[in-house]
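Residue-level structure breakdown
Here is how the chains run, residue by residue.
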Amino acid sequence: MAFPRNSLRAFLHHAKRGLAQAVNGDQRVNIVVGNESAGLPPGILYLSFIVTEAPPPRDAFSPLYIPLLNIPASGLRLRPEFTTVCGHANISASHLITLNDLPDRFKQPENIHWILVDHNKLQGKLGDEYSRHVHGAIDHHEEENAVPRDTWPEPRLIEKCGSCTSLVVRYCKSTWDSISSSSLSSSAAHAQGEAAIDDSSVTQGWDAQIAKMTLASILIDTANLTAPGKVEQVDREAVEYLEAKIHMSAKDARLWIRDQYFTEIDGAKRDLGGLTLDEILQKDYKQWTENGMNLGMSSVVKPLDFLVKKADSFSSKPAFGDELQRFVAGRDLSIFAIMTTFASQEGDFRRELLLQARKAASSSVSKFAERAIPDLKLQSLEVEGILTQGTSAGDWLSIWMQNDVSKSRKQVAPLLREAMRS
């Protein structure tokens, strides 16, 4: 199903139209959905665009793959990095497909196949409605055993690496190369008898833009391939492959400096100046349910003392504790964790962990702490304006400096969930 070159925008318009037709059961579609924290969108965009562009296999359920961000449209405002990345692909964030584009229910849900990217268990309301219609997954988190073992012709690829997008690139490489080769051949044939065309300018219209957009996700996830303990060979190979696509275009190759690109995207992601504390905690948030208890985790790219000052800036009195309690109560959380990542004044990579639990969940967090203190090299930490504020009698709250900085939410969440199950 070919779209005009240089036209991710045309693809997204077509995908929205296909989604509207699927609402009434008039068309089968595949929905490629990211996780609830909605990191950068290139993984779902890249997979959907490349596979839709390719000739479908004979036993394909549908030739159309719709990339869905697992957030409402209002969540786009919290993510200025989306605007920056989309600009490099000649689209705007408003072209992206969000939960607002979904109906309350599909008339024929069996006509929708769900493919998960960056998670392997469909959570929340989508999970309640459509878990039995999941037919594929590409993920780098712990195996949840929630996706059928046989998902042919869709992928079931769950493997440790720094960025899930690296796995998506590896899965789509041969398809992308085939599409690029075929498109260049068609362009050259069309140009016979006319002025000669520059193959690199043809490639620039599609390959270089897609490559830049896709690289953003991998570079952010792996801190430009420098994140301790996270980067795997598949990440390095994906970056090498995507940069080769950029260098096929003479114009883009001259302008391409990876470190500068990473700094641009990372700077946009870290720009939290216009957000409230509640919005910052929403921005990169995930939630699970274990043993009847809800666990919420927010990842934040600033230290805890920044969050305290942020809360206080909107109030005439110390406000962090009250804001924290409102966030927890609004989601009915038994346990809530904030994981921060930031660079110290000396340039060292740092992590902090704040963990709060209701009295009923205190035994679970005690079990977690018993294992996590040595495993994560946790060191008790005092942050002015937090420990004495906003907790009800019997609530459990601790803050640590996490000295094993190689462990992210991807490793910490399973430890908490295991403690809750036990």
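Per an unreviewed UniProt entry, the recorded name for the protein is DHHA2 domain-containing protein, and the organism is Lepraria neglecta.

Structural notes on the packing of aromatic side chains
Applying the stated criterion across every chain yields a total of 9 aromatic pairs. Note on Tyr285 and Phe327: the rings are 5.5 Å apart at their centroids and 85 degrees apart in plane angle, and the pair reads as edge-to-face. Here Tyr285 is found in strand S6 (residues 285-290), whereas its partner Phe327 is found in helix H12 (residues 320-330), with 42 residues between them in sequence. Across the pair, exposure class does not vary: Tyr285 and Phe327 are buried alike.

Quick notes on the side chain of Asn70
Relative to the assigned elements, Asn70 resides in the loop between strand S2 (65-68) and helix H3 (80-87). Classification of Asn70 as buried rests on a relative accessible area of 10%. Every residue in contact with Asn70, bar those within four places of it in the chain, is listed here: Val33, Gly34, Asn35, Glu36, Leu99, His119 and Leu126.

Some remarks on H3
Within the span of H3, buried status applies to Glu81, Phe82, Val85 and Cys86. Looking straight down H3, one finds its buried side chains confined to an arc of 130 degrees; they lie on one side.

Re the state of the cysteines
With the rule as written, the count across this model stands at 0 disulfides. In this structure Cys86 is a free cysteine whose sulfur lies 18 Å from that of Cys164, the closest cysteine sulfur available. Free cysteine: Cys172, not disulfide-bonded; nearest cysteine sulfur from Cys164 at 11 Å.

Cut-offs used in this document
Residue numbers restart at each chain and count upward from 1, following the sequence in its written direction. Given that the model is predicted, a residue must reach a pLDDT of at least 70 before its local features are reported, and side-chain atom pairs must reach 80 or more before they are shown or counted; all residues, however, enter totals for whole chains, interfaces and linings. Side-chain figures throughout are based on the complete set of non-hydrogen atoms in the structure, without hydrogens or water. Between rings of Phe, Tyr and Trp, where Trp is taken as its six-membered ring, a pair exists when centres lie within 6.5 Å; planes separated by under 30 degrees are stacked, by over 60 edge-to-face, and by other angles tilted. Numbering of helices and strands starts at the N terminus; helices are DSSP runs of H or I of at least 4 residues and strands are runs of E of at least 2. Residue exposure (1.4 Å probe, protein chains only): buried if accessible area is under 20% of the type maximum, exposed if over 50%, otherwise partly exposed. Contact definition: two residues touch when any of their heavy atoms are within 4.5 Å. Starting at the helix axis, one direction is taken to each C-beta atom, and the arc is that of these directions. Sulfur atoms of two cysteines make up a disulfide when they are within 2.5 Å.

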